[in-house]
Structures are given as structure tokens and as C-alpha cells.
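So the chains spell out like this:
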Amino acid sequence: MSKLTILVTAVALALSGPLAAEPVKVASAASVDQAVATITQSVEAAGNRVFAVVDYKKGSKSVGNDLRPTTLVIFGSPKIGADAFLSSQTIGLYLPLRVLAYEDAHGDVWLMYEDPKDAASEHGVPQDHPAIGKMRKALATLTAKAAGES
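Once a new chain begins, its residue numbering starts again from 1 and follows that chain's sequence as written. In keeping with the model being predicted, local features are shown solely for residues with a pLDDT of at least 70 and side-chain atom pairs are shown and tallied solely at 80 or more, while totals for entire chains, interfaces and linings include all residues. To obtain the side-chain values, all non-hydrogen atoms of the structure were included, while hydrogens and water were left out.

*Asks:* Please explain the sheet that holds strand 4 (residues 97-103) as it appears in this structure.
*Replies:* The pairing of strands in a sheet happens through backbone hydrogen bonds and is either parallel or antiparallel. As summarised here, the arrangement of the five strands in space is 1-5-4-3-2, forming an open sheet in which the pairing is antiparallel. Of all the strands in the sheet, just strand 1 (24-28) and strand 2 (49-55) have a single pairing partner and so form its edges. Going across the sheet, the axis of each strand differs from the next one's by a mean of 20°, ignoring polarity. Strand direction decides the pairing type here: strand 2 and strand 3 (residues 70-76), joined by six bridges, are antiparallel. At least two bridges found by DSSP between two strands are what make those strands a pair. Think of it this way: any DSSP run of H or I at least four residues long counts as a helix, any run of E at least two long counts as a strand, and we number them from the N terminus. To obtain each axis, a line is fitted to C-alpha atoms, and for helices this fit is confined to the stretch in contact; angles are then taken between N-to-C directions over 0 to 180 degrees.

Put into C-alpha cells, the structure is as follows:
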């Protein structure tokens, strides 16, 4: 490989920005419906709010497609979110929090979410901001409980 090719490749990689972060993926012993029920009940029991539950299987069926169980739970705590907003309003692209529960082609159930620390970096919120820590803890605790780990 020529020095010019190496240089051009290095510059292209540097300009392409950071690699997209991998979402957190938790194996679940529960079904999608059970996991979603646990997440929504836990969120509400903690005094927080479930904004929406999106059943993609049901939506897919309405247009004649058959999708494996796939549900998105959108939830949050305005108190915690507001603290993050004070650092950057664009964090609103990431909030409220979301957990996707789905069954894969092998029949395994997974709970997936984006790490708030990654979103914080993208929106200029310090990764060690207390609100980010609270979001990370909430997501980890909720998904562990919904997966049947606790």
C-alpha cells in the first residue's frame, strides 16, 4: 500500500466521526409480553411515566405482515430528564428512554436499549452527569428485572 493511500485512508477514517455505539442487549427468560408488563409496572411503581407502548407485531399484522413479537416501551422521569436538558436541549432527540423487547428468529427474547452515556457524548452532556448515571441505572435495573434476573 502506498503512503498516499495510507494517508487518504487515515484522513477518511478521522473525518468519518466516531463509530456508532452498540446498544445494550440483555437476554430474557421472560416472553416479550411478560417483559413489557414488568417494565411498564416497574416504571409506574417508581412514580415515573410510561409515555407509549408500541406493538410492532400488531402494526405489522394490520398491513398483512407477520412479525415476531416486537414491542417498544417509551418511558421516563421528567425530573431526571429535565436535569439532562439543562446541559443540552438536543438530548431531547434521545429522551424519553426506550427499551425494545423482541423475539429473534431462534425464539430467544431480548431486551435492547441505547446507553445514555453514548447519547450524552453526542449531545454535549458530560458522561458523568448525575442524570446520565440515574438513566443508566434505571435501564439496567429495569431490563434485569424484566429479563427475570432479579
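Still more ground to cover, so stick around.
*Asks:* What am I meant to see in the packing of aromatic side chains here?
*Replies:* The geometry of an aromatic ring pair is captured by two quantities: the separation of the ring centres and the angle between the planes. Any two rings among Phe, Tyr and Trp, with Trp reduced to its six-membered ring, count as a pair given centres within 6.5 Å; such a pair is stacked if its planes are under 30 degrees apart, edge-to-face if over 60, and tilted if neither. Tallied over the full model, the rule gives zero aromatic pairs. In this scheme, Lys NZ or Arg CZ marks a charge over a ring once it lies within 6 Å of the ring centre and within 35 degrees of the ring normal. The aromatic ring of Trp 110 is capped on one face by Lys 25, whose charged end is 4.5 Å from the ring centroid.

*Asks:* Looking at this structure, I do not really get the side chain of Ser 77. What am I missing?
*Replies:* Along the chain, the position of Ser 77 falls in the loop between strand 3 and helix 4 (78-85). Side-chain atoms alone can form a polar contact between residues adjacent in sequence; in general such a contact is a pair of N or O atoms within 3.5 Å, and within protein one must be able to donate a hydrogen while the other accepts it. Side-chain polar atoms of Ser 77 contact the side chain of Asn 48, separated by 3.4 Å.

*Asks:* Help me out: how do you make sense of the packing of helix 2 (residues 32-45) against helix 6 (residues 130-147) in this one?
*Replies:* Geometry of a packed helix pair, given as the angle between the helix axes and the separation of the axes. At a minimum axis distance of 8 Å, the contact between helix 2 and helix 6 shows a crossing angle of 135°. One way to sum up the angle between helix 2 and helix 6 is to call them oblique. Handedness of the helix 2/helix 6 crossing: right-handed. Contacts between helix 2 and helix 6 involve Ala 35, Thr 38, Ile 39, Ser 42 and Val 43 on the former and, on the latter, Leu 142, Lys 145 and Ala 146. Polarity classes work like this: nonpolar for Ala, Val, Leu, Ile, Met, Phe, Trp, Tyr, Cys and Pro, charged for Asp, Glu, Lys and Arg, and polar for all others, with Gly in that last group. Looking at the contact of helix 2 with helix 6 residue by residue, the classes come out as five nonpolar, two polar and one charged. Roughly parallel here means an angle under 35 degrees, roughly antiparallel means over 145, roughly perpendicular means 65 to 115, and every remaining angle is called oblique. Note on convention: the crossing is left-handed when the near helix lies turned anticlockwise from the far helix by less than a right angle, right-handed when the turn is clockwise. Every residue pair with non-hydrogen atoms within 4.5 Å of one another is taken to be in contact.

These figures come from the coordinates and say nothing about function on their own.
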